[in-house]
Amino acid sequence: GMVVVGRTNVCGDADVAVARLTSSGTLDAGFSGDGKRVLGDGNIEAARAVRTSGGLFMPGGGQTPRKITVAGYREGGAGGADFQLMRLNWDGSFDT
């Protein structure tokens, strides 16, 4: 599979869009229930990069948890932009 990020416009508010695809290219329902997730807080945001990690097999069995890290920016009220970094679990929930 693959994880892709970008920007979506919902009701005039630009937000970060994250989607996880299966190896056949369809949305993976194991991610956020429908394969996609929109992240935003009411400001203009966009994703510029994504990295996946984890899923490594450990000695004695088990796997390290898979994570998705999304980097981008968030525009502030005075026209400036702030760096934004989010980390999600493999199922699309926020990593806490």
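See above for the structure.
This structure is a prediction, so every number in the text was calculated from the model and none was measured.

Quick look at the nonpolar core now. When a protein is soluble and globular, its nonpolar side chains tend to lie buried together. Membership of the largest hydrophobic core is limited to 10 residues, which are Val3, Val16, Val18, Phe31, Leu39, Ala47, Ile68, Val70, Met86 and Leu88. Those elements that provide at least two residues to this core are β2 (13-21), β5 (67-75) and β6 (81-89). Those residues in contact with Leu39, other than ones at most four positions away along the chain, are Asp15, Val16, Val18, Glu45, Met86, Leu88 and Phe94.

Right, let's get into the pattern of salt bridges. Summed over all chains, the structure comprises three salt bridges. The salt bridge partner of Asp28 is Arg20, with a shortest N-O separation of 2.9 Å. As far as the burial class goes, Asp28 and Arg20 line up, both buried. A salt bridge links Lys67 to Asp95, with the nearest nitrogen and oxygen atoms 3.2 Å apart. In this pair, Lys67 sits in strand β5 while Asp95 sits in the segment after β6, placing the two residues 28 residues apart along the sequence. Among the residues examined, Asp95 registers a relative accessible area of 25% and is labelled partly exposed.

Another aspect to go through is the packing of aromatic side chains. Here the structure, examined in full by the defined rule, presents zero aromatic pairs. We note Arg66 situated over the ring of Trp90; from NZ or CZ to the ring centre the distance is 3.9 Å.

Reading the values: the criteria
- Residues numbered from 1 in each chain as written.
- Predicted model: local features only at pLDDT ≥ 70, side-chain atom pairs only at ≥ 80, totals over all residues.
- Heavy atoms only, no water.
- Core = buried A, V, L, I, M, F, W, Y, C linked by side-chain atoms within 4.5 Å.
- Buried < 20%, exposed > 50% of the residue type's maximum accessible area, 1.4 Å probe, protein only.
- Helix = DSSP H or I, 4+ residues; strand = E, 2+ residues; numbered from the N terminus.
- Contact = heavy atoms within 4.5 Å.
- Salt bridge = Lys/Arg side-chain N within 4 Å of Asp/Glu carboxyl O.
- Phe/Tyr/Trp six-rings, centres within 6.5 Å; stacked < 30°, edge-to-face > 60°.
- Lys NZ or Arg CZ within 6 Å of the ring centre and 35° of its normal.

Don't take any of this as a statement about function, it's just geometry.
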